[in-house]
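# Structure assessment
Here are the chains, one letter per residue:
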Amino acid sequence: DAGITQSPRHKVTETGTPVTLRCHQTENHRYMYWYRQDPGHGLRLIHYSYGVKDTDKGEVSDGYSVSRSKTEDFLLTLESATSSQTSVYFCAISESAGGNTEAFFGQGTRLTVV
Amino acid sequence: GNSVTQMEGPVTLSEEAFLTINCTYTATGYPSLFWYVQYPGEGLQLLLKATKADDKGSNKGFEATYRKETTSFHLEKGSVQVSDSAVYFCALSEGGFQKLVFGTGTRLLVSP
């Protein structure tokens, strides 16, 4: 299994509070991604990173920010959590940017905003 | 934009039955196509992939053929097992940071 650890695995938070999810990899892969999984939508890309301090927005980036200060860590922050951000969040990594490159996924973080 | 459409689930089968999960896509270029599987409580794992037209991806008895003329990548298995019960996602990527576009997923339930 690819060495990807997401933390926390489960979190319940209140509306309006900041939340940070962490993705840690031991594979030294350059590319990292944050997806959210919702019923009826599959997985949708939030943000991605193509190197240390290099990040860009995905399809559903509103309300989220990311940071990558080290190759192995990619942080997702909800500045002020809303109920619409209740979801399962997956981190993924890939070795290259090529379209046929396999992406490896973490086990997910279930976030509930009450 | 790019999109992937999968058949609605759940798909309920008895063990040893034949499986087909339909997947069609819309893309502006020539994407690579993937099937990912998600077992309960876990992240997604790559099941198989195909990178160009007429390619067949296969793994663990599952197969899918990249059909450009019908823009399809249907997943098939000749004889399913209880352990195949999972959610299956069809996805495409046109490259550029491996940005995957996923279908909504199809849940497969296999009973003994």
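Notes on the structure in this doc start here. (Residues numbered from 1 in each chain as written. Chains lettered and ligands numbered in written order. Predicted model: local features only at pLDDT ≥ 70, side-chain atom pairs only at ≥ 80, totals over all residues. Heavy atoms only, no water.)

### Some thoughts on the pattern of salt bridges
Residue and element names in this part refer to chain A. In the structure shown here, the tally under the stated rule is 7 salt bridges over all chains. In this structure, the salt-bridge partner of Asp 38 is Arg 36, at a minimum N-O distance of 2.8 Å. Both residues of the pair, Asp 38 and Arg 36, count as buried. Across the pair Asp 73 and Lys 70 runs a salt bridge whose closest N-O atoms are separated by 3.4 Å. (Salt bridge = Lys/Arg side-chain N within 4 Å of Asp/Glu carboxyl O. Buried < 20%, exposed > 50% of the residue type's maximum accessible area, 1.4 Å probe, protein only.)

### Thoughts on the layout of surface pockets
The computed volume of the largest pocket comes to approximately 720 Å³. Around the largest pocket, the lining is made up of 31 residues, and of these Gln 37 and Arg 110 of chain A together with Gln 38, Val 87 and Arg 107 of chain B lie nearest the centre. When residues of the lining of the largest pocket are traced back to their parent elements, those giving at least two are strand E4 (31-38), strand E9 (87-94) and strand E11 (109-113) of chain A together with strand E10 (86-93) and strand E12 (106-111) of chain B. Top contributing element to the lining of the largest pocket by residue count: E11 of chain A, with 4 residues. (1 Å grid on protein atoms, 1.4 Å probe; cavity = no way out; pocket = protein on both sides within 12 Å on 5 of 7 lines; lining within 4 Å. Points joined across faces, edges and corners; volume = space filled by probe spheres on them. Helix = DSSP H or I, 4+ residues; strand = E, 2+ residues; numbered from the N terminus.)

### Things to note about the interface of chain A and chain B
A common way to report how large an interface is uses the accessible area buried once the components associate. Contacts between chain A and chain B engage 25 residues on the former and 22 residues on the latter. Carbon and sulfur atoms supply 59% of the area that chain A and chain B bury against each other, a total of about 1800 Å² over both sides. If you look at where chain A meets chain B, you find 3 residue pairs in polar contact (both at pLDDT 80 or more). Elements supplying a minimum of two residues to the side of chain A that touches chain B: E4, strand E5 (42-51) and E9 of chain A. For the side of chain A that touches chain B, the residue count by class is 11 nonpolar, 12 polar and 2 charged. (Contact = heavy atoms within 4.5 Å. Buried area = accessible area lost by both parts, 1.4 Å probe. Polar contact = N/O pair within 3.5 Å; in protein donor to acceptor, adjacent residues only side chain to side chain. Nonpolar A, V, L, I, M, F, W, Y, C, P; charged D, E, K, R; others polar.)

### Examining the state of the cysteines
A complete count under the given rule lists 2 disulfides over all chains for this structure. Across the disulfide, Cys 23 of chain A is cross-linked to Cys 91 of chain A (sulfur-sulfur distance 1.9 Å). Handedness of the Cys 23 of chain A-Cys 91 of chain A disulfide follows from its S-S torsion of about -70°: it is left-handed. Within this pair, whereas Cys 23 of chain A is found in strand E3 (residues 19-25), its partner Cys 91 of chain A is found in strand E9, the two being separated by 68 residues in sequence. There is no split in this pair, since Cys 23 of chain A and Cys 91 of chain A are both buried. One disulfide in the model links Cys 23 of chain B with Cys 90 of chain B; its S-S distance is 1.9 Å. In this structure the cystine formed by Cys 23 of chain B and Cys 90 of chain B twists about its S-S bond by roughly -70°; its chirality is therefore left-handed. Taken as a pair, Cys 23 of chain B in strand E4 (residues 23-26) and Cys 90 of chain B in strand E10 lie far apart in primary sequence, 67 residues in all. Pair check on accessibility: Cys 23 of chain B and Cys 90 of chain B agree, each one buried. (Disulfide = S-S within 2.5 Å.)

### What about unusual backbone geometry?
Along the chain, Ser 7 of chain A connects to Pro 8 of chain A via a cis peptide bond; the corresponding omega equals -10°. Each neighbour pair has its own omega, and for Gly 9 of chain B with Pro 10 of chain B the value is 0°, a cis peptide bond. Despite not being glycine, Glu 16 of chain B has its phi angle at roughly 80°, a positive value. Tracing the backbone through its elements, the reader meets Glu 16 of chain B in the loop between strand E2 (11-14) and strand E3 (19-21). Here Glu 16 of chain B falls in the exposed class, since its relative accessible area comes to 60%.

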